[in-house]
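Commentary on secondary and tertiary structure
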Amino acid sequence: MNSANGTTVLLGTEDVPPVHEYNATGRSPFFLTCDHYGRLIPRELGDLGLPESELKRHIAWDIGIAGVAERLSKQLDAHLIVQRYSRLVIDCNRPPHVASSIPRISEATSVPGNEGISSEAAAMRRAEIFDPYHRRVDAIIDARRSAGLPTVLVSLHSFTPVYAGIARPWHIGTLYHRDTHLPPLLLKSLRAEGDLVVGDNEPYAVSDDTDYTIPVHGEARGLINTGIEIRQDLVADPAGEKSWADRLTRILGEIEPLLQAQGLLSA
Ligand SMILES: [Zn+2]
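The sections below set out a description of the structure shown in this document. What you are looking at is a predicted structure, and each value in this text was computed from that prediction instead of being measured. (Residues numbered from 1 in each chain as written. Predicted model: local features only at pLDDT ≥ 70, side-chain atom pairs only at ≥ 80, totals over all residues. Heavy atoms only, no water.)

A count of helices and strands for the protein gives six helices and 13 strands. For the protein, whose C-alpha radius of gyration is 18 Å, the value lies close to the compact-globule estimate of 18 Å for 267 residues. Overall, the protein is about 55 × 45 × 30 Å in size when its C-alpha atoms are taken along their principal axes. Burial statistics for the protein: of 267 residues in total, 53% are counted as buried. Sequence-distant contacts in the protein: of pairs separated by 6 or more residues, those separated by 24 or more amount to 81%. Total accessible area on the protein stands at roughly 11,600 Å², and carbon and sulfur atoms take up 52% of it. Side chains of the protein give 26 positive and 35 negative charges; the mean places of these two sets differ by 3 Å. (Helix = DSSP H or I, 4+ residues; strand = E, 2+ residues; numbered from the N terminus. Rg over C-alpha atoms; globule rule 2.2 N^0.38 Å. Buried < 20%, exposed > 50% of the residue type's maximum accessible area, 1.4 Å probe, protein only. Contact = heavy atoms within 4.5 Å. Areas by Shrake-Rupley, 256 points an atom, 1.4 Å probe, with all protein chains shown as cover. Lys, Arg positive; Asp, Glu negative; His and termini not counted. Charge placed at Lys NZ, Arg CZ, Asp CG, Glu CD.)

Below, the structure written as structure tokens:
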């Protein structure tokens, strides 16, 4: 175990901080989050008992979304916050009290390093990875409000093309629950592209039990919000990442004045 000031800690001196930000001074109303950006594992936890082949799969992170998110942040001039540790360590888009927060099994893979985890060890993962990320998201929203900058929360994810043997036809999906403003605009724009199979709350819908970022930071704080899920095979290389970032830059750029016209872009 690592220790600092006599207290046991999870992240040691060789581990990077969980939270990373891009374009923190970006002026866009869109504030981008990426809960499943990375697949790092704290050194203390080794490989969680899994081979590298499993740790590269979608169960560990959202394949391809990092490149899309970074480009989108740059092109929209939008602040992006990301969490760099694997969702197998702790899932930053799950309420910490649900079983999938620290999954014992993901899709069909058992995660030995999460079997029989003590409540102290689970609390440590939360305190050092989950909490700092969400505290920072909160602080950013506060700071934007104080600065008079409107905030539209866009939570970026990617999904595996085949889950538990079932193929998913959608290229991209909007994910939402209580926001009635942004998801319909986004759906309309995506459908107007003409070449996309668009999921309306597919392959997932947002709920209070299966999500954290949108319910807690978007809905509870009264922000216009949506989740976006892109199919992983479409963003599996830099050309795919670029093409989806370009497309979303254009679409969100067209939606911004529509939100403005509806009076929805106040801080
Ligand atoms: Zn995700």
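From this point, the narrative continues.
Take the sheet that holds strand β12 (residues 198–200) next. What the seven strands build is an open sheet, ordered β3-β5-β4-β8-β13-β11-β12; its pairing is mixed. For this open sheet the edge positions go to β3 (19–22) and β12, each flanked by a neighbour on one side alone. In this sheet, neighbouring strand axes are inclined to one another by 20 degrees on average, regardless of whether the strands run parallel or antiparallel. Running over the sheet, helix α2 (residues 65–76) touches β3, β4 (30–34), β5 (80–83), β8 (152–159) and β13 (224–231) and is turned about 165 degrees from β4. On top of the sheet, helix α6 (residues 238–261) reaches β4, β8, β11 (172–175) and β13; it is set at about 160 degrees to β13, its chief contact. (Pairing = 2+ DSSP bridges. Axes fitted to C-alpha atoms, helices over the stretch in contact; angles between N-to-C directions.)

Let's shift gears to the coordination of the zinc ion. Surrounding the zinc ion are the protein donor atoms His36 (ND1), Asp62 (OD) and His157 (ND1), which sit 2.0 to 2.1 Å from the metal. All donors of the zinc ion come from a single chain, and their spacing in sequence reads H-x25-D-x94-H. Placement of the pair is histidine 36 in the loop between β4 and α1 (52–55) and histidine 157 in strand β8, with a sequence separation of 121 residues. Given a relative accessible area of 4%, histidine 36 falls into the buried group. You can call histidine 157 buried: its relative accessible area is 6%. (Donors = N, O, S within 2.8 Å, 3.2 Å for Na, K, Ca; no water.)

On to unusual backbone geometry, then. Along the chain, glutamate 202 connects to proline 203 via a cis peptide bond; the corresponding omega equals 0 degrees. Within the secondary structure, proline 203 sits in the loop between β12 and α5 (213–219). Positive phi values are uncommon outside glycine, yet asparagine 23 reaches one of about 50 degrees. Note that asparagine 23 resides in the loop between β3 and β4. On the basis of relative accessible area, asparagine 23 is assigned to the partly exposed category, the value being 27%. Unusually for a residue other than glycine, leucine 48 sits at a positive phi of about 60 degrees. Mapped onto the elements, leucine 48 comes out in the loop between β4 and α1.

A separate point is the packing of helix α4 (residues 182–192) against α6. For the pair α4 and α6, interaxial distance at closest approach is 10 Å and the crossing angle is 135 degrees. It follows that α4 is oblique to α6 by the angle criterion. Where α4 crosses over α6, the two elements pack in a sense that is right-handed. Counted together, Leu182, Leu185, Leu186, Ser189 and Leu190 of α4 and Ile251, Leu252, Ile255, Leu258 and Leu259 of α6 form the full contact between these two elements. Each residue belonging to the contact of α4 with α6 can be placed in one class, and the counts come to nine nonpolar, one polar and no charged. (Parallel < 35°, antiparallel > 145°, perpendicular 65-115°, else oblique. Left-handed = near helix turned anticlockwise from the far one by under 90°. Nonpolar A, V, L, I, M, F, W, Y, C, P; charged D, E, K, R; others polar.)

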